Amino acid sequence: TQFMGKHNSENFAAVYSLVDCMANKYHFERNIDIFYRSIKDIEPLGNRCRKSLVINGIQFIDDLHSTWTHAQSAALSCVDEELILICGGEDAGEDYSVMIEKYRHKVKAAVIIGKESLPFSPLFDTLKIPYTHTNDMRSWLLQAILYAKENNLKTILYSPWAKSYDLFKNRE
């Protein structure tokens with residue numbers, strides 16, 4: 001499928017387990033090949049850990065709805081290579097240090113967006129991850145691309161890790 005990450009594979013495995021249980025209960029044939037053909041063309045919902053556009057050879061991954069630590073963990077685990085992280089917004093009061101320590105080897109630079117740079121700035125300072133803070137979308141994109149080029153990286157993950165309602169007129 002076009003879904004990224006182990007968590008999505010686990011979701012599809014759960015669906016197949018349900019199909020298997022229903023097949024046992026209602027005595028119909030189950031066929032894993034039919035199941036795979038049925039799911040292979042399903043596309044992820046917009047703004048949910050989805051590859052979006054490629055600019056100058058850099059893949060952007062859109063995960064606008066990733067506003068909590070568990071969602072951020074899933075988003076970061078979906079990407080195998082080192083990346084630039086665009087994050088920020090209104091602080092949700094979570095302990096962000098646990099996450100960034102876990103994925104510090106993957107995040108090579110960050111662009112912090114939105115009203116609040118706290119608690120992100122001290123976290124990135126402590127871990128010596130370069131970052132910049134901006135509220136202008138054009139600036140985020142340009143800075144993220146610049147960081148990617150400087151570090152020879154091919155992936156930029158937009159995953160706010162905080163409420164980002166203040167940043168958009170509509171959520172697209």
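This one's a predicted model, so the numbers in the text were calculated from it and none came from an experiment.

Novice: Just checking my understanding: could you explain the pattern of salt bridges for this structure?
Specialist: A side chain with one charge may pair with a side chain of the opposite charge, provided their charged atoms come close. Applying the stated criterion to the full structure yields one salt bridge. Residues K108 and E82 are paired through a salt bridge, measuring 3.5 Å at the closest nitrogen-oxygen approach. Of the two residues, K108 is situated in strand β4 (residues 107–113) and E82 in the loop between α3 (69–78) and β3 (83–88); the sequence distance between them amounts to 26 residues. The exposure class assigned to E82 is partly exposed, which follows from its relative accessible area of 37%.

Novice: Sorry, what's going on with the sheet that holds strand β2 (residues 58–62) here?
Specialist: The strands that make up a sheet are held in pairs by hydrogen bonds between backbone atoms, and each pair lies either parallel or antiparallel. On the basis of which strands lie adjacent, the open sheet formed by six strands has the order β1-β2-β6-β3-β4-β5 and mixed pairing. Looking at which strands have only one partner, the edges of the open sheet turn out to be β1 (50–55) and β5 (131–134). Neighbour-to-neighbour, the strand axes of the sheet open up by a mean angle of 20°, direction not taken into account. Direction of pairing for β1 relative to β2: antiparallel, over a ladder of four bridges. Each bridged residue has a counterpart across the sheet, and for V54 the counterpart in β2 is Q59.

Novice: I keep staring at the packing of aromatic side chains and nothing clicks. Help me out?
Specialist: Two descriptors summarise a pair of aromatic rings, namely the distance from one centre to the other and the angle between the planes of the rings. Here the structure, examined in full by the defined rule, presents two aromatic pairs. Ring centres of F124 and Y131 lie 5.9 Å apart, and the angle between their planes is 40°; this geometry places the pair in the tilted category. For F124, a relative accessible area of 0% puts it in the buried group. For Y131, a relative accessible area of 26% gives the class partly exposed.

Novice: I keep staring at helix α6 (residues 137–150) and nothing clicks. Help me out?
Specialist: An α-helical turn contains 3.6 residues, so any two residues separated by three or four positions project in the same direction. Spanning 14 residues, α6 covers 20 Å between terminal C-alpha atoms, matching the ideal 20 Å at 1.5 Å per step. Along α6, the residues classified as buried are W140, A144, I145, Y147 and A148. What you see down the axis of α6 is that its buried residues fit within an arc of 160°, all on one side. Opposite its buried face, α6 presents the exposed residues R138 and E150, each directed more than 90 degrees away. On the buried face of α6, the contacting elements are β1, β2, β3, β4, β5 and β6 (155–158). Backbone geometry just downstream of α6 places N152 in the positive-phi region, at approximately 55°.

Novice: Could you clarify how one ought to interpret the nonpolar core in this entry?
Specialist: Within the largest apolar cluster, 22 residues are counted, with the highest numbers of intra-cluster contacts made by L85, I100, F120, F124 and W161. Apart from residues lying up to four places away in sequence, I100 is in contact with V107, L123, F124, L127, I129 and W161. Grouped together as the second largest cluster of nonpolar side chains are 16 residues, A109, W140, A144 and Y147 included.

Novice: Whenever I open this one, unusual backbone geometry confuses me. Can you help?
Specialist: For residues besides glycine, phi is generally negative; the peptide bonds are generally trans as well. Phi at N56 is positive, roughly 50°, even though this residue is not glycine. By secondary structure assignment, the location of N56 is in the loop between β1 and β2. Taking relative accessible area as the criterion, N56 reaches 55% and is therefore assigned exposed. For K128, which is not a glycine, the phi torsion comes out positive at approximately 60°. Accessibility expressed as a relative area gives 73% for K128, which makes it exposed.

Novice: Hey, could you run me through the side chain of D63 in this one?
Specialist: The topology assignment puts D63 in the loop between β2 and α3. Given a relative accessible area of 6%, D63 falls into the buried group. Side chain to side chain, D63 and S159 meet in a polar contact 3.3 Å long.

Novice: What should I look at first to understand the environment of G93 in this one?
Specialist: Counting through the fold element by element, G93 comes out in the loop between β3 and α4 (97–103). Considered as a pair, G93 and A162 are 69 residues apart in the sequence and their alpha carbons are 8.8 Å apart.

Procedures and definitions
- All residue numbers refer to positions counted from 1 along the written sequence of the respective chain.
- Confidence filtering applies because this is a predicted model: local features only for residues at pLDDT of at least 70, side-chain atom pairs given and counted only at 80 or more, and all residues used for totals across whole chains, interfaces and linings.
- To obtain the side-chain values, all non-hydrogen atoms of the structure were included, while hydrogens and water were left out.
- Note on definitions: salt bridges are taken to be side-chain nitrogens of Lys or Arg within 4 Å of carboxyl oxygens of Asp or Glu.
- Labels follow the DSSP assignment, with helices taken as runs of H or I lasting at least four residues and strands as runs of E lasting at least two, numbered in each case from the N terminus.
- For every residue, the accessible area obtained with a 1.4 Å probe (protein chains only) is divided by the maximum for its type, and the residue is called buried under 20%, exposed over 50%, and partly exposed between those limits.
- Any two strands between which DSSP finds at least two bridges are classified as paired.
- Where helices are involved, their axes are fitted lines through C-alpha atoms of the stretch in contact, as for all axes, and angles between N-to-C directions lie from 0 to 180°.
- Any Phe, Tyr or Trp ring, taking Trp's six-membered ring, that has another such ring centre within 6.5 Å forms a pair; planes under 30 degrees apart are called stacked, those over 60 apart edge-to-face, and the others tilted.
- Expected helix span is taken as 1.5 Å per residue step, with the number of steps being one fewer than the number of residues.
- What the arc measures is the spread of directions leading from the helix axis to the C-beta atoms.
- Only heavy atoms enter the contact rule, under which two residues are in contact if any of them lie within 4.5 Å.
- By convention a nonpolar core is built from buried Ala, Val, Leu, Ile, Met, Phe, Trp, Tyr and Cys residues, the set being connected through side-chain atoms within 4.5 Å.
- Residues adjacent in sequence count toward polar contacts only when both atoms are side-chain atoms; beyond that, a polar contact is any pair of N or O atoms within 3.5 Å, and within protein one must be able to donate a hydrogen and the other to accept it.

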